[in-house]
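Topology and contacts: notes
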Amino acid sequence: MGDELLQDIENTQTQTQKSQVDWSQSNTPSFIPKIWGRLYSTKVSLNGKHCWKDTNEEYPSYYDLVQPEFSLGRALNCSFVMKKDIIKEIIVKSVSKHHFVIKRNLLEPLSPAILTDLSFNGTFINSKLVGKGLSRVLDDNDKISVTHPNVKMFIYKDLLKNEQDEVPKEISMKYYISKVLGQGACGVVKLVYEKTNCKKFAMKIIKKSRLTNGQINNLTDPKKIMNEVTIMKALRHPCIVSTEEFFDSRDTVYIVLELMQGGELFERISQNGHLSEQLTRFYFRQIVLAVKYLHSQGITHRDLKPENVLLESREEETLAKITDFGLSKFVGEDSFMKTMCGTPLYLAPEVLQANGQSCYGPDVDVWSLGVIFFVCLVGYLPFSTEYKELSLRDQILRGQYRFSHKHWKNISLPAKLLMKRMLTVNVQNRITLDQILNHTWMQDPVVITRIERLLIQSTQVNEFGRLNLSQNCDEENNNSNKVAVLNVMTGKRTLSNSFSLCEPIPKKLRIDNFNVHGFQNDDSSSTNSFCSGT
């Protein structure tokens, strides 16, 4: 790009800012168009010699993008009609009636502009062919060419781009950074678009200092980091959120993940108060299958909770996928326990006893599964700091969970027995994953068949369906504001409070006839009791 064009862009941006200030004064029109982008014609620089005609007539040096759609071609209904009086005739003849279209969802904050190539002779972004029927994300200062890489028509300026997004160049070259999906004590998660195919992902951004209290120990070993990342990327299971890419900088870790559209299991429980046994069985079986797969790969999750179980769609019967596994692998055992990035409400007794010093096995995940199972069925936590009879630590170490007869009275006996076997303090007596899958309560042919159908469909999509999704990439999902992502916020929206003082005020489940503490409003002593899973 020539110096003349750069100077022109800077001058016109300054003029636009001044004019917007003038518009804000009194006696101005009631409607001020919001300019979301600008196309600078390359005829103001020497690079435009292949496209624009040399003419003395005054034509705009740039075109403001106000409407959600901008089209270019020979057809008269295009936003920019290719005419022989300003464009060289040989170029006009090679341009399609509808050559390309640029769309932007103005209702979705920070969504990118998407260019779709409709031509036979090609549309190029930064000299790279888009391809007929395919789409690409437009980013700031991208050069748009038609019919040939050298026929540069426009340079695109993104006026809505979030200038505060500072990521390494290797990331910004590949991904368009969009809105924040969530944030908390341990990091932030943003929606990102892969530029070449417009596919959406979630990018988890973790500051290393937040993970290790300023002591970057394990994270400074590139070999160890990449080894763990290789393991995470190699994990392939329909019920595990996939890790697409990993970037490591001096002070920040960036993890690109599969984007889930159905929200957290926590949200599904919150909306309904609790889940039916049938629906609990449907989700829980998938979660157990995922944990079993992780264990077969030598990975213990160590932070299983409803916030870390994500649903693929808003449908009731959908794939459930676990996420946030392996976080402790990056921060190390000791720092994991000290920072309590995982909420202690779901931690197994042996984890609390270890206190970051001694080892424990994969059985800790079975205990966490028991807490999830408990919450799904009755909608309140088995252990909480708000149960004042015992400290949270003692409740867990003794396996004394809060048992509300009112909430458990309609739950089947096999479900109660399965819950108790998972919340067993003695690891030797605790039920195994295989025993859970073979438990009487889990044997429902209808549920098993439906899950198998979903798993097969997901596997087929992953193997054969990594198709070009660009035909829909110009549209945001209507539920994108409810999208759930890999949650590094850890204490975010916990069912009760946790040890971390840096976490936001927790969101609590509301149960009919229960106050916010999980006790009945009337005399709870007659219906609530502590039961021990020893």
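Preceding block: the structure.
Now for a look at the structure at hand.

Parameters and conventions
Residues numbered from 1 in each chain as written. Predicted model: local features only at pLDDT ≥ 70, side-chain atom pairs only at ≥ 80, totals over all residues. Heavy atoms only, no water. Phe/Tyr/Trp six-rings, centres within 6.5 Å; stacked < 30°, edge-to-face > 60°. Buried < 20%, exposed > 50% of the residue type's maximum accessible area, 1.4 Å probe, protein only. Lys NZ or Arg CZ within 6 Å of the ring centre and 35° of its normal. Helix = DSSP H or I, 4+ residues; strand = E, 2+ residues; numbered from the N terminus. Polar contact = N/O pair within 3.5 Å; in protein donor to acceptor, adjacent residues only side chain to side chain. Contact = heavy atoms within 4.5 Å. Expected span 1.5 Å × (residues − 1). Pairing = 2+ DSSP bridges.

This next bit is on the packing of aromatic side chains. Per the stated rule, a full pass over the model turns up 15 aromatic pairs. Between Phe403 and Trp408, the aromatic rings sit 5.4 Å apart at their centres with planes inclined by 15°, giving stacked as the arrangement. Here Phe403 matches Trp408 in class, with each residue buried. One aromatic cluster is present, formed by Phe374, Tyr380, Tyr401, Phe403 and Trp408 through successive ring pairs. Taking the ring centre of Phe120 as reference, the NZ or CZ of Lys132 above it sits at 4.3 Å.

The subject of this paragraph is the side chain of Arg136. With respect to the element layout, Arg136 can be found in strand β9 (residues 135–138). At a separation of 2.6 Å, a polar atom in the side chain of Arg136 contacts the main-chain carbonyl oxygen of Thr196.

Before going further, it helps to spend a moment on the side chain of Ser96. Note on placement: Ser96 falls in the loop between α2 (89–94) and β5 (100–103). For Ser96, the residues in contact, after removing those within four places along its chain, are Gly73, Arg74, Ser119 and Phe120.

Let's shift gears to helix α11 (residues 363–378). A rise of 1.5 Å per residue sets the reference length of α11, with its 16 residues, at 22 Å; its end C-alpha atoms lie 23 Å apart and thus fit the reference within 8%. With 15 of 16 residues buried, α11 lies mostly within the body of the structure. Backbone geometry just downstream of α11 places Gly379 in the positive-phi region, at approximately 80°.

The next point concerns the sheet that holds strand β4 (residues 80–81). If you walk across this open sheet you meet the five strands as β4-β3-β5-β6-β9, and the pairing is mixed. The open sheet terminates on both sides in strands that have one partner only, identified here as β4 and β9. Inspection of the sheet shows strand β3 (residues 69–73) paired to β4 by two bridges, in the parallel sense. Residue pairing in the sheet places Gly73 in a bridge with Val81 of β4.

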